[in-house]
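So you can see what is in the structure, the chains are spelled out below.
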Amino acid sequence: MPEQKRYPPEGLRPTVSFTLTALQEAAERGEILEAVPQRCGADHTLFFSLGGIAAQMPRSEAVAPWISGAGREIAVLSRVGKPTCFQVTTLRADAKGAPLAILSRRRAQDAAMADFLEHLRPGTVVSGRITRLESFGAFVDIGCGIVAMLPIEHISVSRISHPSQRFREGQKILAAILTLDRERRRITLTHRELLGTWMENASRFRPGESVGGIVRSVKPYGSFIELAPNLSGLADNREDLAAGDAVSVFIRSIRPERMKIKLQVIEKLPPVEGPAPLTYQITAGQLERWVYSPPGCGKTVETVFTAP
C-alpha cells in the first residue's frame, strides 16, 4: 500500500522510543510523533507519558480549527486511549523540576494539510484508516487525523446498504482522491476504481462453476447476487431470499458484450460474519480515467478525474 510517509493516518505511524534527547531533537526538526493520551483533564488538556516523560496537549492544540467538528468537546475527549499525532512545541521543567513536554496536534495537522494541498490531486491513490461508518458513507483518516469523506456510492460498484458491509472501523484501506476543495480544505474519496473493472473481476469465474455470493437486492424481476465487491449477477427470484443472505450459485452464463452474468441460486448458506477481505487491482499511482465497462459493451461506466 502507498504510504504518506511523513503524514500517515493516526495509528499507522511506526513506533519510536521516547527519550529526552529524542524529544529535544524532534522539537528542533519539527518532527511528527505519535502516542496515546492517558486522560483528559477538566479543562480538556490531554495528558501523555512519553517513555516516562510527562507531556501535555492544551485544548487549543488538540484539533486544527478548520477540521469539521473541531470545536466540539467530543473531538478532544475521544482522543483518550487512541493514537494521536503531535509535534513537540516546548520542553521545560514542571513545578517539581521534572521535564515536561508541551505538544501540538494542530501543528501536525496544519503541516499535513499543507503538504496534501500541494501534492495531492484528483486520481491520486492514498492509504487511509476507517475512523467512522455512517449510513451515507465512511470517514477515512488519510493522515494525521485529517478525515476525508468516502460516500457510499463510491465504495464499490456492487451496491451496498451500509458501509459496514464493506469495511470495519480501524481498517486500513486504499482510496483515490475524488475531489479536493482547496479553499475549504475538504477532501472526498472514491474506492471502487481500485477494486477492478468488470473484466478483471469476471475473469475469475467460468460458466458451469458454483460459487458463493451475497444477495444485495431483491427485485420483481430477480435477485442481484454479489460475487465480488465490483461484480454482481442476476438470478431468478426465490421467495426465501432477502438482501444480505449468503447463497451458493451456479454460473449459467457470462456475457461481456452486455456486462451480464446469469446465475441460479442453489441454496442459502450460513450468515457471513463481517466484511470480506478486499483485493485491490490498483495499489498506487495517479489515475486519470477509469473505465469499468468491457470493450465493445454498449453501456459505458467510467470515472474521469478532473484537476480542480
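You'll find the structure just up there.
A quick note: this is a predicted structure, and the numbers were derived from the prediction, not measured.

What counts and how
Residues numbered from 1 in each chain as written. Predicted model: local features only at pLDDT ≥ 70, side-chain atom pairs only at ≥ 80, totals over all residues. Heavy atoms only, no water. Helix = DSSP H or I, 4+ residues; strand = E, 2+ residues; numbered from the N terminus. Pairing = 2+ DSSP bridges. Contact = heavy atoms within 4.5 Å. Axes fitted to C-alpha atoms, helices over the stretch in contact; angles between N-to-C directions. Polar contact = N/O pair within 3.5 Å; in protein donor to acceptor, adjacent residues only side chain to side chain. Salt bridge = Lys/Arg side-chain N within 4 Å of Asp/Glu carboxyl O. Buried < 20%, exposed > 50% of the residue type's maximum accessible area, 1.4 Å probe, protein only. Patch = residues over 30% accessible without salt bridge, like charges linked within 9 Å, V, L, I, M, F, W, Y side chains within 5 Å. Areas by Shrake-Rupley, 256 points an atom, 1.4 Å probe, with all protein chains shown as cover. Lys, Arg positive; Asp, Glu negative; His and termini not counted. Charge placed at Lys NZ, Arg CZ, Asp CG, Glu CD.

Moving on to the environment of G30. Here G30 shows up in the loop between α1 (20-29) and β1 (32-35). Put simply, G30 and T89 are 59 residues apart on the chain and 8.2 Å apart in space, counted from C-alpha to C-alpha.

Let's shift gears to the sheet that holds strand β5 (residues 84-93). Taken in spatial order, the six strands make up an open sheet running β1-β5-β6-β4-β3-β2, and their pairing is mixed. The open sheet is flanked by β1 and β2 (39-40), the only strands paired with a single partner. Sitting on the sheet, α1 is in contact with β1, β3 (46-50), β4 (53-57), β5 and β6 (99-104), with an inclination near 105 degrees to β5. Sitting on the sheet, helix α3 (residues 105-119) touches β1, β4, β5 and β6, and the angle it makes with β5 is about 130 degrees.

Another aspect to go through is unusual backbone geometry. The backbone phi angle of C144 is positive, close to 55 degrees, even though this residue is not glycine. With respect to the helices and strands, C144 occurs in the loop between β8 (137-143) and β9 (146-151). One non-glycine residue, M259, adopts positive backbone phi at about 55 degrees. Looking at the secondary structure, you find M259 in the loop between β15 (246-255) and β16 (260-268).

Further remarks concern the side chain of T124. As for its position among the elements, T124 is in the loop between α3 and β7 (125-134). There is a polar contact of 2.7 Å between the side chain of T124 and the side chain of Q286. Dropping the residues within four chain positions of it, T124 is found in contact with A175, A176, I177, G285 and Q286.

In total, this model carries 16 salt bridges according to the counting rule given. For R105, the salt bridge identified is with E10, shortest N-O distance 2.9 Å. Taken together, the residues R105 in helix α3 and E10 in the segment before α1 connect sequence positions 95 residues apart. No difference in accessibility class separates R105 from E10, as the two residues are buried. Across the salt bridge formed by R255 and E257, the nearest N and O atoms sit 3.1 Å from each other. Overall, the relative accessible area of 34% leaves R255 in the partly exposed class. A residue is classified by how much of its surface remains accessible, and E257, at 42% relative accessible area, is partly exposed. A single salt-bridge network, built from bridges that share partners, covers E10, R79 and R105.

Taken together, the side chains of R159, K219, R258, K260 and K299 define a basic patch exposed on the protein surface. Take R258: it is sitting in the loop between β15 and β16. Exposure remark for R258: the relative accessible area of 48% places this residue in the partly exposed category.

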